[in-house]
Every structure is written in structure tokens, then in C-alpha cells.
Amino acid sequence: MATLYGYVGKIARINLTDSTVTHIPTSNYVPKYLGGRSVCNKIFWDEVGPGVKAFDPENKIIYMTGPTTATGIPTGGRTVFTGISPNSYPEQYAWSGIGGWFGAEVKFAGFDGFILEGKAPEPTYLYIEDGEINFLSARNLWGKLVHDTQRKLEEIHGNDVKSIVIGPAGENLMRNASITTSNDNVAAKAGFGAVFGSKNLKAITVRGTGTVIPADIKKILELRKKMGYPQAQPNPIHHETTHGMWGNNIPVEGGWLRGQVACSHGCNQHCNKLMLDMKSAFKEEKVNHVEKCVSIFAFGYKEDCCWVPIQTFETKQNHLLPCKMLSGEPLPPDPTDPHFKELYDLVPGDIVNFWEPNFDKGSIINDLCNEYGMDKWDVIVWLLPWLSMGKKEGVFDGIDFGMEINVESEEFIKYLMDSIVYRKTYYGNLLAEGMARAIRALGKEKFGDTIYHGRYSQVVPGLRLDLPISLETAWGHSVHWQGRGFEGAINKPGWVAVNLHQMNSTRDTQTIAHHHDTFDNYLAVKDDPCRHPLTAIAVIKGENSAEIKDSITCCDWQSPNLFWTDMEAQMFEAATGIEMTEEKLNEAAERSKLLFRAILMRNYGRDREMEVNAIYPIMTYPDPWGQTCTWEEWNDLVDLYYEERGWDKTTGWPPQEVFEKYGLHEVADSLKAIGKLPGCR
């Protein structure tokens, strides 16, 4: 048998109900399904049918590395979980990526991934060492915070193990609970920490002494020199006097200490912020955090994030990697670019008036999320703004939360999170079900749709931006780069595209598919973005790029590079030795996307009517320019998208010939048998 470079050859099927393990050859799936999310999609399609709920033992958590994992290719250390998401509304199949060193260690231990199925009879953790998988009691770990669990596992098994763990949020089935590994890397977007909790699974810890053999070591060394060039430097510790990013910097009395750290195995960038000696929510002594962008708003939320067009629309002379922006090491801009002024035209964020700057309180919020193991996005950009806006509009008058609502107060934040994570009060228990479900239980018309009157545009000075107090977009998630709400300063050609991304998903898409397009295309679509095919084409490229990133695997901070278009193909070829081109990689992405689409159609009845109605309402509120999207504009753009995909415009379903074009004959046959192909209704 030929050597399978880049993979280690087997996937573990782990049954928690009867503590058994069987092995599946990775070659059953690769290279047709590349690795990562595309393999997960295939396994889920084959094994989990309609009717299964997120907390049923029949729900499966499928975890996969990619062919680049543990090869030393930068960004290749990222890996993927998939399964039925308890945090999506309604529950649907979703995915969540994670960095860290766990994925590489899984491969060193002899596995490309695993399928978790069933439910353990008691709190359990898995210890994996060089091909052996052991089921161990987690009774002494259950109830522990995230970092305490990680430390305890290292005490038991040695400080060279790599672990993924859940905190109390996952144990108590909080629907946005995360899975955490080293450097505060989390898989948070789908709430899979709660699925771990439903399976009585506290942690997985692994040690491996094996090797991963890449096909072309010389090429890998070349990629390490070229990707993310110039290489970020491991910064010395800096003393900072302010905190934040453009437009929302806040002064910090006495300053604070910052370092920069890499997110995952093999990556030579240091884009994550290491915050030293921060105030803890749980102990007197200071603690360290590793934080990304959303955590910024925990420290102060008087203004939303500003935006410059180059973050979305790029030229060959001026384009930047987000990892450079976060690490503060961007290349100097090229002022000879004829579009230079437009690319760097700063769009100020809105005045939001959610809460005053408070560095210690921000540290408390982040520490609570890190230690309880919960998705910060839902807390920082949805739950707390909802409380702030709702209180100012009088929505909560007469409601007894057990403590006066005060988002400026450390004590209230600690009380609130404790109530939710441990489901201690009526409202704590309700909010543990996630914002979308809680607001509907309370009454969406009042508790979701009430207009907040305290938000003002800085693009059109003095323009009041009426927004609902619940910053919900679609599928149970909060807005992100969608022209209103969190990071709302993006303009219409950008936000209609982002909303189209979101319409086709089951979770927030912008953490893996930040929308990117060329500035030439922007100039073509800017006057009427909903009626230009280039908008739909750019979204399809972004969606396919996201499939590739989560499959081979790489990172949204370096990919896609619009001006190094075969980077991912080179990564795959270097790791596996399998000849790969942009065209072939795009075909694999289309195949993965079609499988995802087929799962949504078969298991959840997704179609055009459901999708356009789910996403449209948020676009009826004004963006910072006061612009909205009409129903006709939106449907015209959806028509263009389906046409470019080759899907049926009436149903939003791909026809049989599209499935067959990408080698998915059996998928088409299955959908036809249940009346889920165009013309079957």
C-alpha cells in the first residue's frame, strides 16, 4: 500500500456507552474529502439521520485534523469539531474550529480524528496514549473550572499531555458552552461543550510519541518562510498604557503588560494577545489571559469597532493579513496605489453607550468566560448589550433578576454568570438555554424587538440608528460584520455579502469566512451590490475558501490570500504529495459544501423560503449610513447566488446533475427518494 503522507491512517470510533473503540481507515475518506470538515460532513451524512437532537446519545461529535496538522506548515495546527449544535436555533448540524497543540498530539498518538458516540454512564474522561484509548473516571474533575481541570490532568498524566476540556457551563448543558484547549483556544461557535456534558465527557487528554510524515519537507520549509511574511517576532513583554483597537482605545490607569503568542502547533505567527497579571473573577492572585478580538469590548463598549475598506476590499499593492493587524506588525501601506485613499478611509464605529470603560471589569468578564467554558461572543456582544439596552428602554421594569441589573458592576456580572452557568435562578436557567430561546420564551416582541434609542452614527453625525435590543441575526447567533450591531461599520457592498454568507450557514460564519474581495470588484458592485453577479461570486469564493480552510487545515487570519491564490493547494501538496491545483481544490470545496447543503435539506428541511425569511429582518434596520435592504433587493441577490451555484432558484436546492458533477451520486439518489430534489415537490 502506498504511503499516505500527511495523515496517520486511522480514525477512532469511540463509543462512550459501552467503552469500546474501533478503528476506521482514513483512506475510506481521503483524499476525496481532503480532511477536517469535509471528512466530518461525509461521516455525519452517512451516520446521523433526521430526528436526532443535540443532547441525544445518537448525536455524534466528529473531530478531525487535516493533512497539514503536525507537519509544521503554518496555521496547519487548527482542527475541527462537527455535530448537532445545541446553540443553533433551531438545532442544526454545525461546526467549530479550534487551535492549540491538541490536534498535532492526536496525530502523534496515531489518529487522524475520532467519532464520539453514545453517553458514558458516569462522568468520564478519555486518556489517549500512542494508539491506546482509556476510559477513566472524571468524578474528581466534574465541577472544576477549565484551567483547574487542565492543571489536574497534567498532575495525573504529566505536563507534556495536551487536553481539551469543558467547564461547568458544559456540564450544566449551557447551550453556548465551549471546549477549551491550551492558550485559551476554544471551539465555541456551536455549543459543543454542552454536547460533551450531555455525554458525561469532561475531557480528552492525549500523549503521542509518533511522527507525522509529510511528503515534501523542502517545500514545507519554503512555506514557513513565505506564509505570513515577514515573520512575526516573538515580542518581548510590552508595558501598555491603553487598551483596544482603532476607535475604541481606552486609557488604563497604571498600564498593563502585553505579550504575543501563537495560536497553534506549527504556526510562526503570534497574533494572539497574552494579557499578563490580570484581575481574576475567582481568586485574589493575578492571572494571565490569551485574548482575541471580541474580548476587547468587555473592557469598554461606548463605541463600536471602526472599519476601513481594506479590511474587506483589497488591491495587489495594498492587502494585509489579519494576523499582522492583531499583532500590530502590518507592512507599511503603499501610497502609490491609485486607490490608497479609499482603501484607508476610516469609517468610525457607532456610538452605542452600552458600558463605560473599566479595565478590571473587562478582565473579570473574560476570566468568567474562560473558566466557566462559554462562548464570549454571546456574552459580550449579545447578552450584556441586551441587558444594557433593555434596561435603558424600561423592558425589564418589574422583573426580579435577584439583583439589580447593572452591566457596569463587577458584582452583577459575577452574580449573573453564576446564576446562568449553574442554572440557579429562573432567569439564570432560562438564559442558559441561549439568547434566542430565552428571548422567545419571554416574548420576542417586547424582549427582542423593542427599539433601542441610544445608538448614533458617526458616519452621518447625529443620525439615530434605531435597532432592536436583541442583536440577533439568523440561526440563533448575534450579528457580526453585518452592517448593524457588533462591528457594524462595514458598508453595504460588504454587509449584504456577509448576510448572504450567514443565510447559508447554521452559525456565525465570520469567524472562518471574513468576507474578502478585490477592490476592482468593489468598484463594479458598489452602486447596486444586490443586483451584480460579482457579489454572489465573491460569496461563493468565500464559502468555498472556508471549506478549504477547515479541511486541509489553515487559518482565517492568513487565508484566503487573494493575491496568492494557490497557497492552500501548495500546502496540501507539500503535506500529502498528492498533486493539487486551485481548480481541484475548489472542486473538493464544492463537494464538501454540497454535502453540508444535503444534510441541511434532509435533516432540517432547509429551503429558500426558510433561509430568506430567517436572515432578512436584521437588514431592515439602518446601517451607519442609514441604509437598509429592500425585500426585492435581497431576493434579487439570492437569485443571483443560486444561479451562480447552479441551484434551483425556487427551492434553493441543488439539482441532481450538480451533485453528480462532484461525485455525489448516492447523495442525489437519497435526496430524490425523499422528495428533496428540485421538481420533486
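Residues take numbers from 1 onward in each chain, read along the sequence in its written order. Reporting in this predicted model follows two pLDDT cut-offs: at least 70 for local features of residues, and 80 or more for side-chain atom pairs to be given and counted; totals over whole chains, interfaces and linings ignore these cut-offs and use all residues. The basis for every side-chain value is the complete set of non-hydrogen atoms in the structure, without hydrogens or water.

**Q** Kindly report on the layout of surface pockets, identifying the contributing residues and their values.
**A** The distinction between a cavity and a pocket rests on a 1 Å grid over the protein atoms alone: a 1.4 Å probe fits inside a cavity but cannot get out, while a pocket stays open yet meets protein on both sides within 12 Å along at least five of seven lines, and a residue with an atom within 4 Å of a point counts as lining. Grid points are joined across faces, edges and corners, and a volume is the space filled by probe spheres set on the points. Volume-wise, the largest pocket comes out at about 970 Å³. Taken together, 43 residues make up the lining of the largest pocket; nearest its centre are Leu-321, Lys-324, Met-325, Leu-326 and Pro-330. Those elements giving two or more residues to the lining of the largest pocket turn out to be β13 (238-243), β14 (250-261) and α8 (322-327). Going along the chain from the N terminus, every DSSP run of H or I of four or more residues is numbered as a helix, and every run of E of two or more is numbered as a strand. By residue number, the principal contributor to the lining of the largest pocket is α8, which donates four residues. For the lining of the largest pocket, a count of residues per class yields 20 nonpolar, 14 polar and nine charged. Of the voids in this model, the second largest pocket is the one considered here, and its volume is about 690 Å³. Taken together, 31 residues line the second largest pocket, and the ones lying closest to its centre are Lys-541, Ser-545, Thr-565, Glu-582 and Asn-586. Any residue outside Ala, Val, Leu, Ile, Met, Phe, Trp, Tyr, Cys, Pro, Asp, Glu, Lys and Arg is labelled polar, Gly included; the first ten of those are nonpolar and the last four are charged.

**Q** Can you tell me about the sheet that holds strand β2 (residues 20-25), naming the residues and giving the values?
**A** Strand pairing requires that DSSP identify at least two bridges connecting the strands. Spatially, the six strands line up as an open sheet ordered β2-β1-β6-β3-β4-β5, and their pairing is mixed. Looking along the sheet, the strands with just one partner apiece sit at the ends: β2 and β5 (92-98). Between one strand axis and the next, the sheet turns by 20 degrees as a mean value, whatever way the strands run. Two elements, strand β3 (residues 61-64) and strand β4 (residues 79-85), share three bridges in a ladder whose sense is antiparallel. Bridge pairing links Ile-62 to Thr-82 in β4. Residue contacts follow a heavy-atom distance rule, with two residues in contact if any of their heavy atoms lie within 4.5 Å. Between N-to-C directions, angles cover 0 to 180 degrees, with each direction set by a line fitted to C-alpha atoms, over the stretch in contact for helices. Against the sheet, helix α1 (residues 36-47) makes contact with β1 (10-15), β3, β4, β5 and β6 (113-117), and its axis sits at roughly 150 degrees relative to β3, the strand it touches most.

**Q** Would you mind going over the packing of aromatic side chains in detail, with residue names and values included?
**A** Whether two aromatic rings pair depends on their centres lying within 6.5 Å, for rings of Phe, Tyr and Trp, where Trp uses its six-membered ring; planes under 30 degrees apart make the pair stacked, over 60 edge-to-face, and the rest tilted. Per the counting criterion, the structure on display carries 30 aromatic pairs. Each residue in the set Phe-297, Tyr-301, Phe-354, Trp-355, Trp-377, Tyr-452 and Phe-486 is aromatic and connected to the rest through ring pairs, giving one cluster. By definition here, charges over rings are those cases where NZ of Lys or CZ of Arg is within 6 Å of the ring centre and within 35 degrees of the ring normal. Between Lys-226 and the ring centre of Trp-564, over which it is positioned, the NZ or CZ distance is 4.1 Å. One Lys or Arg, Arg-606, reaches over the ring of Trp-475 and ends 3.8 Å from the middle of that ring.

**Q** If you had to explain the sheet that holds strand β16 (residues 287-291) to someone new, which residues and values would you point to?
**A** The four strands lie next to each other as β13-β14-β15-β16, forming an open sheet whose pairing is antiparallel. Two strands close off the open sheet at either side, each with one partner strand: β13 and β16. The sheet shows a mean angle of 40 degrees between the axes of neighbouring strands, taken without regard to direction. Relative to strand β15 (residues 272-278), β14 runs antiparallel, the two being bridged by five bridges.

**Q** Account for unusual backbone geometry, with residues named and values stated.
**A** The peptide bond linking Val-30 to Pro-31 adopts the cis configuration, its omega dihedral lying at 5 degrees. Pro-230 follows Tyr-229 through a cis peptide bond whose omega is -5 degrees. Tracing the backbone shows Pro-230 in the loop between α6 (217-226) and β13.

**Q** Outline the pattern of salt bridges, supporting the account with residue identities and numerical values.
**A** Salt bridge, as used here: a side-chain nitrogen of Lys or Arg that lies within 4 Å of a carboxyl oxygen of Asp or Glu. Within this structure, the stated rule accounts for 44 salt bridges. Taking the shortest distance from any N to any O, the salt bridge between Arg-207 and Glu-129 comes out at 3.7 Å. Here Arg-207 is found in strand β12 (residues 201-207), whereas its partner Glu-129 is found in strand β7 (residues 124-129), with 78 residues between them in sequence. Residue Glu-240 pairs with Arg-258 through a salt bridge whose shortest N-O separation is 2.7 Å. Taken as a pair, Glu-240 in strand β13 and Arg-258 in strand β14 lie far apart in primary sequence, 18 residues in all. Given the relative accessible area of 12%, Arg-258 is considered buried. Overlapping salt bridges, with partners in common, bring together Arg-13, Glu-47, Lys-60 and Glu-117 in one network. Summary of the burial criterion: residues with accessible area below 20% of their type's maximum are buried, those above 50% are exposed, and those between are partly exposed, where the area comes from a 1.4 Å probe applied to protein chains only.

**Q** Explain the packing of helix α16 (residues 492-503) against helix α22 (residues 631-645) to me, using residue names and the numbers behind them.
**A** Running from amino to carboxyl end, α16 crosses α22 at an angle of 65 degrees, the nearest separation of the two axes being 11 Å. Every pair of crossing elements has a handedness; the one defined by α16 and α22 is right-handed. In this structure, α16 contributes Lys-492, Val-496, Asn-499, Leu-500 and Met-503 to the contact, and α22 contributes Glu-633, Trp-634, Leu-637, Val-638, Tyr-641 and Tyr-642. Grouping the constituent residues of the contact of α16 with α22 by class yields eight nonpolar, one polar and two charged. Here is the rule for handedness: rotate from the far helix to the near one, and if that takes an anticlockwise turn smaller than a right angle the crossing is left-handed, while a clockwise turn gives right-handed.

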